[in-house]
Amino acid sequence: MRLLLDTHALIWWFMGDETLTKPAREAIAEEANEIFVSAASAMEISTKHRLGKLPEAGLLATDLGAFVREQGFTELPISIEHAAMAGNLAIAHKDPFDRFLIAQSLVENVPLVSNEALFDGFGVNRFW
């Protein structure tokens, strides 16, 4: 199975937070699954940490790449196709990080590990 982690799912995985559902934890831990981490999450974590909104994510903010590699996850860069779709999404949702994750999930046809039920209305295959 291929899965794309929403930023909060990535943080909860890093912290061992039980808010991440058991099915999500098991799917992320399953070595046969390919787990993607978006460049959008890197920007979201570092931005929000810098602004003091994610003080607990200091290690992720300073070296997310090392954590991604250590976990065996796959980096998902933002392509022109992702960016164009994110910009063209006819949705009222304005959060640029979420827009990128929605677009990447749709373009790559990868379920998004997220508790954001709002994403269901955008055609995202959400895993939670």
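Structure: above.
Bear in mind that the values here come from a model prediction, so they are computed numbers and not experimental data. (Residues numbered from 1 in each chain as written. Predicted model: local features only at pLDDT ≥ 70, side-chain atom pairs only at ≥ 80, totals over all residues. Heavy atoms only, no water.)

Student: In this structure, what is going on with the overall build of the protein chain? I would like to understand it.
Tutor: For the protein chain, the helix and strand inventory stands at six helices and five strands. From first element to last, N terminus to C terminus, the protein chain shows the α and β order β-α-α-β-α-α-β-α-α-β-β. Computed over its C-alpha atoms, the radius of gyration of the protein chain comes to 14 Å, within 12% of the 14 Å expected for a compact globule of 128 residues. By its C-alpha atoms, the protein chain is 35 × 35 × 25 Å across when sized along the principal axes. Burial statistics for the protein chain: of 128 residues in total, 42% are counted as buried. In the protein chain, of all internal contacts separated by at least 6 residues, the share reaching a separation of at least 24 is 59%. For the protein chain, the computed accessible surface area is about 6,700 Å², with 54% contributed by carbon and sulfur atoms. In the protein chain, which carries 10 positive and 18 negative side-chain charges, the distance between the mean positions of the two groups comes to 7 Å. (Helix = DSSP H or I, 4+ residues; strand = E, 2+ residues; numbered from the N terminus. Rg over C-alpha atoms; globule rule 2.2 N^0.38 Å. Buried < 20%, exposed > 50% of the residue type's maximum accessible area, 1.4 Å probe, protein only. Contact = heavy atoms within 4.5 Å. Areas by Shrake-Rupley, 256 points an atom, 1.4 Å probe, with all protein chains shown as cover. Lys, Arg positive; Asp, Glu negative; His and termini not counted. Charge placed at Lys NZ, Arg CZ, Asp CG, Glu CD.)

Student: What am I meant to see in the packing of aromatic side chains here?
Tutor: The description of an aromatic ring pair rests on the distance of the ring centres and on the angle between the ring planes. Counting across every chain of the model gives four aromatic pairs. Relative to Trp128, the ring of Trp12 lies with its centre 6.1 Å away and its plane at 50 degrees, an arrangement referred to as tilted. Of this pair, Trp12 sits in helix α1 (residues 7-15) while Trp128 is found in the segment after β5 (126-127), placing the two residues 116 residues apart along the sequence. Judged by relative accessible area, which is 17%, Trp12 ranks as buried. Between the aromatic rings of Phe67 and Phe73, the centroid separation amounts to 6.4 Å while the plane-to-plane angle is 85 degrees, which identifies the pairing as edge-to-face. By relative accessible area, Phe67 is classed as buried at 11%. Among the aromatic side chains, those forming a connected cluster through ring pairs are Trp13, Phe14, Phe67 and Phe73. (Phe/Tyr/Trp six-rings, centres within 6.5 Å; stacked < 30°, edge-to-face > 60°.)

Student: Any chance you could explain the layout of surface pockets here in plain terms?
Tutor: To find leftover empty space, one rolls a probe the size of a water molecule over the atoms. Roughly 190 Å³ of internal volume is contained in the largest pocket. Taken together, Asp6, Thr7, His8, Ile11, Trp12, Glu44, Lys48, Leu54, Glu56, Asp95, Asp98 and Glu116 make up the full set of residues lining the largest pocket. Listed by contribution, the elements that provide at least two residues to the lining of the largest pocket are α1 and α3 (39-50). Ranked by residues supplied to the lining of the largest pocket, first place goes to α1 with four residues. When the residues that make up the lining of the largest pocket are grouped by side-chain class, the tally is three nonpolar, two polar and seven charged. (1 Å grid on protein atoms, 1.4 Å probe; cavity = no way out; pocket = protein on both sides within 12 Å on 5 of 7 lines; lining within 4 Å. Points joined across faces, edges and corners; volume = space filled by probe spheres on them. Nonpolar A, V, L, I, M, F, W, Y, C, P; charged D, E, K, R; others polar.)

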